[in-house]
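Coordinates in review
So the chains spell out like this:
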Amino acid sequence: MYTMYITARMRYAILWRMKPTPRDLPFALNRNLRVPLATQLAENLRNAILSGYYKAGDILPSYKQLARDLGVSLRIPREAMADLVARNMVAPRPRIGCEVLPARTKAWKGRIHVIAPGDTFVTYFAATLFEHFRQIMTGEGWLVDLLSFSRNEHGKSDFSMLDDALSRACDFALLIYPTAATIRHLERRKIRYICFASDVGKRRNDPAISFKAAMDGVIRLIHRKKVRKVTLIEYRPFPEIHRCLAKAGIPFASFEVRQMTGVGYLERISRRGYELTRKFLLSRKRPGSDLVFFTDDFIARGGMCAILEAGLKVPEDLGVITFSNRGNMPFFPLKLTKVEANPFDLAHMIVDEILRRIAGLPPREITLPVQFVQGDSFRP
């Protein structure tokens, strides 16, 4: 009995020494992405292992620790860890935790940074673009890091959280909605990059969205219907839409929803779209607009509720056109006439261009045309 007692004490002492020392997680989960939290956690842990943050022999944080630090249920870390076990990257050790196994996979070709303001990925387009880009690049053998920085109410950027990640070797960077300060910060560090939707305007050979083809279809329909005035209700104004209407000699008025961030952001945008559309409809003493053009899909969700509530017949009393992103179509009793962007196609185009530039080939123009889709809410 005495010998067994000593053996048990020694065994538990060894187990205690093998317990992991708590460390800060090198990532956070993004609830705005259309990606399951368990999948995000598995990918983040996988990247942390492959980048060397967790080394062979390390014990990963426990399910309870991960659930507590990330604010999720225990089911999320259990599913994520099961994925890593299936990939033969970690092995469960009873009463200890999950141990990182020696690398058995091929080395990454390199590292790509995706950099954006912290509030960017609440938008469907940016979140979809990033996730599809990450999937393609990972499949091609590249390690993709998502890096963000904060901005205060005056628009000033804080790069303190970004700088540590930028100190690691990086082959290329994709900047989404970058500010002029972001671009200068990358250039000082001599990191190669391309921008999408920069606040300082399109730079040469940066990917862009073109509304020309879609607006040609819209304008032809407007002329055919002899529309007297177009009302734009929008969140982020698209200057190209304004220019196309003005060049065609079509009168229009623009009602802009103030930009929002934070928890419940998308719901508040839809609510504000409803309120602004309702206010516009109630102010019409006589029909002064034959067409309402929602240039944001979430504003359209709220705005079309206001149109239905007002008892207007579409398209008899009022024509409706919406902007939408592929996979995020607003619901309406009629098939909507729309202009549609495809973030999945843009992700493929950006991947091809980045790989070309890494290979030393000359840059090419990248333009994603927005498509015009004829529906029943505004028809000939």
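Structure report, in brief. (Residues numbered from 1 in each chain as written. Predicted model: local features only at pLDDT ≥ 70, side-chain atom pairs only at ≥ 80, totals over all residues. Heavy atoms only, no water.)

Remarks on unusual backbone geometry
The amide bond that connects Val 314 to the next residue, Pro 315, takes the cis arrangement and shows omega of 5°. The residue Arg 95 is not glycine, and still its phi comes out positive at about 65°. Inspection of the secondary structure puts Arg 95 in the loop between β1 (90-93) and β2 (97-100). (Helix = DSSP H or I, 4+ residues; strand = E, 2+ residues; numbered from the N terminus.)

A word on the packing of aromatic side chains
Counted under the stated rule, the structure contains 7 aromatic pairs. Here the aromatic rings of Phe 125 and Phe 196 are separated by 5.7 Å at their centres, their planes lie at 20°, and the arrangement is stacked. Here Phe 125 is found in helix α5 (residues 124-139), whereas its partner Phe 196 is found in strand β7 (residues 193-196), with 71 residues between them in sequence. The class for Phe 125 is buried, based on a relative accessible area of 8%. When the ring of Phe 238 is compared with that of Phe 323, the centres are 5.4 Å apart and the planes differ by 45°; the resulting orientation is tilted. (Phe/Tyr/Trp six-rings, centres within 6.5 Å; stacked < 30°, edge-to-face > 60°. Buried < 20%, exposed > 50% of the residue type's maximum accessible area, 1.4 Å probe, protein only.)

Observations regarding the sheet that holds strand β15 (residues 371-373)
As summarised here, the arrangement of the 6 strands in space is β10-β9-β11-β12-β13-β15, forming an open sheet in which the pairing is mixed. Either end of the sheet is taken by a strand with one partner, and the two such strands are β10 (252-256) and β15. Taken pair by pair, the neighbouring strands of this sheet meet at an average axis angle of 20°, ignoring direction. As paired elements, strand β9 (residues 230-234) and strand β11 (residues 291-294) share 4 bridges and run parallel to each other. (Pairing = 2+ DSSP bridges. Axes fitted to C-alpha atoms, helices over the stretch in contact; angles between N-to-C directions.)

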